[in-house]
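Okay, here's what each chain looks like letter by letter:
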Amino acid sequence: MGGRPTSDSVLLNFAMAKKSAISGEYIVTVEDSGTVRVCKIYDNVKGSLRECAEAQNFAYDDGWTTRQFGSKLIKEFGDGNMAEIGEYTIVKRDSGSIETYRTYANTLGALREIAANIGFEINEKSNTRQNGSKLVDFINGGK
């Protein structure tokens, strides 16, 4: 297992959270402890590979396919079928397809990003746990 998360483990943690919400590409989870986590599962995989490569000053060719690009990053920064590069995780599936996701270290910054997209106002006097919990409730329609 190696202890590294996979996109399947991200979804499992989402399912096991105290409360959670999906907004576009983002998954916000509030754990039993109150800890808030934000993960972004990219629809635009090639764009996320570019973000990741640029963050690492990794030279790439715009002509690479998503599979080529992902495979080269995994070869350079990972092992086997997965690479963790900063906040990004790149996974090569058995089919050869590439998936990427990002687990944010700056959770409050990620909450602000989501809030701006959906018209929710972050309370700057509240902490990350409070804002995350309220954002999940807002996304889920005030449940």
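Placed above this text is the structure.
About the cut-offs
Residues numbered from 1 in each chain as written. Predicted model: local features only at pLDDT ≥ 70, side-chain atom pairs only at ≥ 80, totals over all residues. Heavy atoms only, no water. Helix = DSSP H or I, 4+ residues; strand = E, 2+ residues; numbered from the N terminus. Buried < 20%, exposed > 50% of the residue type's maximum accessible area, 1.4 Å probe, protein only. Axes fitted to C-alpha atoms, helices over the stretch in contact; angles between N-to-C directions. Parallel < 35°, antiparallel > 145°, perpendicular 65-115°, else oblique. Left-handed = near helix turned anticlockwise from the far one by under 90°. Contact = heavy atoms within 4.5 Å. Nonpolar A, V, L, I, M, F, W, Y, C, P; charged D, E, K, R; others polar. Polar contact = N/O pair within 3.5 Å; in protein donor to acceptor, adjacent residues only side chain to side chain.

### Some words on unusual backbone geometry
Part 1: With a phi angle near 55 degrees, N57 is a residue other than glycine that sits in the positive phi range.
Part 2: Tracing the chain through its elements places N57 in the loop between α2 (45–55) and α3 (66–77).
Part 3: N57 sits in the exposed class, given a relative accessible area of 73%.

### Comments concerning the packing of helix α4 (residues 107–118) against helix α5 (residues 128–139)
Part 1: In contact at an axis separation of 10 Å, α4 and α5 are set at 30 degrees when each is read in the N-to-C sense. Taken together, α4 and α5 sit at an angle that is classed as roughly parallel. Remark: the crossing between α4 and α5 carries left-handed chirality. Side by side, α4 and α5 meet where T107, L108, L111, I114, A115 and I118 of the first sit next to T128, N131, G132, L135, F138 and I139 of the second.
Part 2: Tallied by class, residues from the contact of α4 with α5 come to 8 nonpolar, 4 polar and no charged.

### Quick notes on the environment of K92
Part 1: Mapping K92 onto the fold places it in strand β5 (residues 88–92).
Part 2: Distance from K92 to G70, taken between C-alpha atoms, is 7.4 Å for residues 22 residues apart in sequence.
Part 3: Apart from residues no more than four positions distant in its own chain, K92 is found in contact with S71, I74, N81, S97 and I98.
Part 4: Within the structure, the side chain of K92 is placed 3.3 Å from the side chain of S71, a separation counted as a polar contact.

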